[in-house]
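# Chain and residue survey
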Amino acid sequence: MLMLWGLFFLLMFLGLPVALAIGMSGFSFFVFSGSIPLGIGVQQIATASQSFPLLAVPFFVLAGHMMNKTGITHRLIACSNVLVSWMAGGLAQVCILLSTLMGGVSGSAVADAAMEARILGPDMIRRGYSKGFTCAAIAVGSLITATIPPSLGLILYGFVGNVSIGRLFLAGVIPGLLMMAALMTVVWLVARKRGYHSATKELPTGRAVWRAVVDAKWALLFPVALLFGIRAGIFTPSEIGAFAVVYAVVVGVFLHKELTFESFMEALGEGVLDVGVIMLIILLSGMVGYALIFEQAPQEVAEWMLGLSQNPLAIMLLVLLFLLVAGFFVESTVLVLLLTPIFVPIITKLGVDPVHFGILMMSIVTLGSMTPPVGVAMYTVCSILDCSIEEYLVESLPFIAAILAVIGFLALFPGVVLFLPNLLM
Amino acid sequence: MSHVLISAEFLLAKLLLAAIVVLVFIAAIGRTLGYPLIWSIDVAQLLFIWVCFLGANRAMRLKAHIGVDLFVRKLPRTPRWFIEIGLALLALAFLVALAVSGYRLTVLNWQRVYGDSGISYAWVTAAVPVGAALLAVTIAINLVHALRTRSLVFYADRSAERSDSQLG
């Protein structure tokens, strides 16, 4: 088992793509065990694809690409601009609000961060916002996108941990909004101190707000439509992604009239590429998953942790602290796939709702992709806007502190997270 | 010729992805209207693993797989290049081994029937050896190219950024 981990980190840090690193270390377990046939390893890869909830990954990835071709993104930007650009630090506020609104149509933090860095980033730097502050607001803000449903991370957590994806989705709404409020406060404080002015002088008129909201109505109604589809019993939470794609196509073709056949095929092509990248990691990690179970790693870790303390809160904080540190070094998808089956039984035994824990775990693990040294969202934004990691790090500290405060609050008050799922499902 | 094959692979992957969406959507609508289609979900899941490997192969060709180049990025070009070549050879060995044991498993699985559909489970298992073989061929092509031009096997040059992907 130690060799498996050693090999994984060695290969990964030498620069082998994460999917191959995890596949090769898992395969090594079968090769060197001597007694387990290699065929079982292959079987694990095939079995990993045969879980119905996992189909949500291609659906929501594809839905996100379709949305981009239907003019929904562009309308949401216009809407955010009207609503918050009058505040101190106006453009940074637009970033945060946009991440929240995009959260309702997109499931990936990195996708949202890349889009904002390309579209809003250059404009912010031109208006005198520091590069580090711009990158930090965009990158850390994209965590909201990953928390508000649909969320790829929560789908994976639900799939691996056997937790209701529908409940997880509902549970993400309030934490996402709290993060938005916290980050907007940080932007407001920093902007006031540095004199980052608002983009427009006056408050928007009621008419302007109404027009922007009406223009973006199909995007804003999307999460409501998803919820309705599930609640009406037409779609199960695993199938709702297929509805999301169809919704995007219908809006693009019949309502916005912006989706052409070429852009439709383009979206499919981009979807294929992203599905390939994400799913190769998930499929090849099937072998490591088998090795972990075979060696009874979950039981051992559980026994060790429960030996430390019997206080549920202390154990949970310990787990979250561990995830925070692990998130600095390991890509978030890998962490979810490998650690969910270890931690969910532990916290369930302690009487913590796995839905509550899922929101905390996903927020912390995804935060890891916004922090150095290994952070996909951070690298994406910093490379697009040509910002040094040091500058980013300094400016991101207040944002990260705000997020950690929100996560701490959510850890102490499960009722805030569980309110919506208990009310509606 | 290879250009035609690449386009065909890409088109097939796109069609399969679209088919999965349609199959699951229709299954849900059909069930609601009282006409359940039991086989459609099975077929969707069967196609899914093929989409995954075709997409993964395309990503390998475009050098778009996520990797951590944090530590090796700081190395001078020559040692970095040798590390990449070594990793590529290791990856080739792994994928060939996977393809061979996958082939054996597929032959064994020919009798096992999949879900309620009557389709052989071998159609699912076969995606693993075929996918591994495709990835091996792609890595081999990238490797030959890297040996000729001293480029990297798994990382594109920074100038050619992946602008069309959601993952950045």
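Cut-off values and rules
Residues numbered from 1 in each chain as written. Chains lettered and ligands numbered in written order. Predicted model: local features only at pLDDT ≥ 70, side-chain atom pairs only at ≥ 80, totals over all residues. Heavy atoms only, no water. Helix = DSSP H or I, 4+ residues; strand = E, 2+ residues; numbered from the N terminus. Rg over C-alpha atoms; globule rule 2.2 N^0.38 Å. Contact = heavy atoms within 4.5 Å. Areas by Shrake-Rupley, 256 points an atom, 1.4 Å probe, with all protein chains shown as cover. Lys, Arg positive; Asp, Glu negative; His and termini not counted. Charge placed at Lys NZ, Arg CZ, Asp CG, Glu CD. Phe/Tyr/Trp six-rings, centres within 6.5 Å; stacked < 30°, edge-to-face > 60°. Lys NZ or Arg CZ within 6 Å of the ring centre and 35° of its normal. Salt bridge = Lys/Arg side-chain N within 4 Å of Asp/Glu carboxyl O. Buried < 20%, exposed > 50% of the residue type's maximum accessible area, 1.4 Å probe, protein only. Buried area = accessible area lost by both parts, 1.4 Å probe. Polar contact = N/O pair within 3.5 Å; in protein donor to acceptor, adjacent residues only side chain to side chain. Nonpolar A, V, L, I, M, F, W, Y, C, P; charged D, E, K, R; others polar. Core = buried A, V, L, I, M, F, W, Y, C linked by side-chain atoms within 4.5 Å. Patch = residues over 30% accessible without salt bridge, like charges linked within 9 Å, V, L, I, M, F, W, Y side chains within 5 Å. Axes fitted to C-alpha atoms, helices over the stretch in contact; angles between N-to-C directions. Parallel < 35°, antiparallel > 145°, perpendicular 65-115°, else oblique. Left-handed = near helix turned anticlockwise from the far one by under 90°. Expected span 1.5 Å × (residues − 1).

## Some remarks on the overall build of chain A
For chain A, the helix and strand inventory stands at 23 helices and 0 strands. Scaling as 2.2 N^0.38, a compact globule of 425 residues should have a C-alpha radius of gyration of about 22 Å, and chain A matches this with 21 Å. The contacts in chain A between residues at least 6 apart in sequence include a share of 79% that link residues at least 24 apart. For chain A, the exposed surface amounts to about 15,100 Å²; the carbon and sulfur share of it is 70%. Taken as two groups, the 17 positive and 20 negative side-chain charges of chain A have centres that lie 13 Å from each other.

## Focus: the packing of aromatic side chains
For the structure shown, the criterion picks out 20 aromatic pairs over all chains. These aromatic residues form a ring-pair network of at least three members: W5(A), F8(A), F9(A), F13(A) and F71(B). Here the guanidinium or amino end of K14(B) rests over the ring plane of F10(B), the centre of that ring lying 4.1 Å away. Between the NZ or CZ atom of R58(B) and the centre of the ring of F10(B), over which it lies, the distance is 3.5 Å.

## Quick notes on the pattern of salt bridges
All names here are of chain A. Across all of its chains, the model carries 11 salt bridges over all chains by this definition. Residues K69 and E266 are paired through a salt bridge, measuring 2.9 Å at the closest nitrogen-oxygen approach. In this pair, K69 sits in helix α4 (residues 56-69) while E266 sits in helix α16 (residues 261-294), placing the two residues 197 residues apart along the sequence. Assessed through its relative accessible area of 18%, K69 is described here as buried.

## Quick look at the interface of chain A and chain B
Chain A puts 70 residues into the contact, and the matching count from chain B is 70 residues. Three residues stand out in chain A for area buried against chain B, namely Q50(A), V272(A) and L273(A), and they jointly supply 11% of the buried area on that side. At the boundary of chain A and chain B, one finds 1 salt bridge. Taking the shortest distance from any N to any O, the salt bridge between E239(A) and R31(B) comes out at 2.9 Å. Taken together, the links from chain A to chain B amount to 5 residue pairs in polar contact (both at pLDDT 80 or more). Mapped onto the side of chain A that touches chain B, the elements with two or more residues apiece are α1 (2-13), α2 (18-33), α3 (38-49), α4, α7 (109-119), α15 (240-255), α16 and α21 (376-385) of chain A. Ranked by residue count, the leading element in the side of chain A that touches chain B is α16(A), at 17 residues. Here the residues of the side of chain A that touches chain B are counted per class, giving 47 nonpolar, 18 polar and 5 charged.

## Structural notes on the nonpolar core
One finds L20(A), L323(A), F357(A), Y392(A), I139(B) and F154(B) to be the most contacted residues of the largest nonpolar core, which totals 231 residues. Counting residues per element, this core draws most heavily on α16(A), which supplies 18 residues. If we skip the residues at most four places from it in the chain, I139(B) touches L20(A), M60(B), A88(B), A91(B), L92(B), L95(B), V153(B) and F154(B).

## Overview of a nonpolar patch on the surface
Together, L313(A), L317(A), F409(A), L412(A) and F413(A) give the surface a local cluster of nonpolar side chains, amounting to about 450 Å² of exposed area. Tracing the backbone through its elements, the reader meets L313(A) in helix α18 (residues 312-329).

## Examining the environment of L97(A)
All names here are of chain A. Relative to the elements of secondary structure, L97 occurs in helix α6 (residues 90-103). The spacing of L97 and L183 is 86 residues in sequence and 9.6 Å in space, taken between C-alpha atoms. Dropping the residues within four chain positions of it, L97 is found in contact with S80, L83, V84 and M180.

## Overview of the packing of α18(A) against helix α22 (residues 389-412) of chain A
Residues and elements named next belong to chain A. Orientation of α18 relative to α22, taken along the N-to-C sense of each, is 150 degrees, at an axis distance of 11 Å. The orientation of α18 with respect to α22, classified from their angle, is roughly antiparallel. Read as a crossing pair, α18 and α22 show a hand that is right-handed. Judged by residue contacts, L313, M316, L320 and L324 of α18 engage L404, A411 and L412 from α22.

## What to know about α2(A)
In this model α2(A) runs 23 Å from its N-terminal to its C-terminal C-alpha over 16 residues, within 8% of the 22 Å that 1.5 Å per residue would give. Counting buried residues along α2(A), 13 of its 16 residues qualify, which places the element largely inside the surrounding structure.

## Considering the packing of α2(A) against helix α3 (residues 77-108) of chain B
At their nearest, the axes of α2(A) and α3(B) sit 11 Å apart, and the two run at 60 degrees to each other. With respect to α3(B), the axis of α2(A) lies oblique. The way α2(A) lies across α3(B) gives a crossing that is left-handed. Along its contact with α2(A), which presents L20(A), G23(A), M24(A) and F27(A), the element α3(B) presents L90(B), A91(B), F94(B), L95(B), A97(B), L98(B) and S101(B). In terms of residue class, the contact of α2(A) with α3(B) is built from 9 nonpolar, 2 polar and no charged.

## What about α16(A)?
Every α-helical turn comprises 3.6 residues, leaving residues that sit three or four positions apart pointing alike. All names here are of chain A. Between the first and last C-alpha of α16 there are 49 Å, a value that for 34 residues agrees with the 50 Å anticipated at 1.5 Å per step. Along α16, 26 of the 34 residues are buried, which leaves the element largely enclosed by surrounding structure. Directly beyond the C-terminal end of α16, a positive phi value near 55 degrees is found at Q296.

## Some details on unusual backbone geometry
Each neighbour pair has its own omega, and for P149(A) with P150(A) the value is -10 degrees, a cis peptide bond. By the element assignment, P150(A) lies in the loop between α9 (131-147) and α10 (152-161). Positive phi, normally seen in glycine, also occurs at N162(A), with a value near 55 degrees. Within the fold, N162(A) resides in the loop between α10 and α11 (165-194). Located in the positive-phi region is R150(B), a residue other than glycine, with phi close to 60 degrees. Along the chain, the position of R150(B) falls in the segment after α5 (127-149). In this structure R150(B) comes out as partly exposed when scored by relative accessible area, which is 37%.

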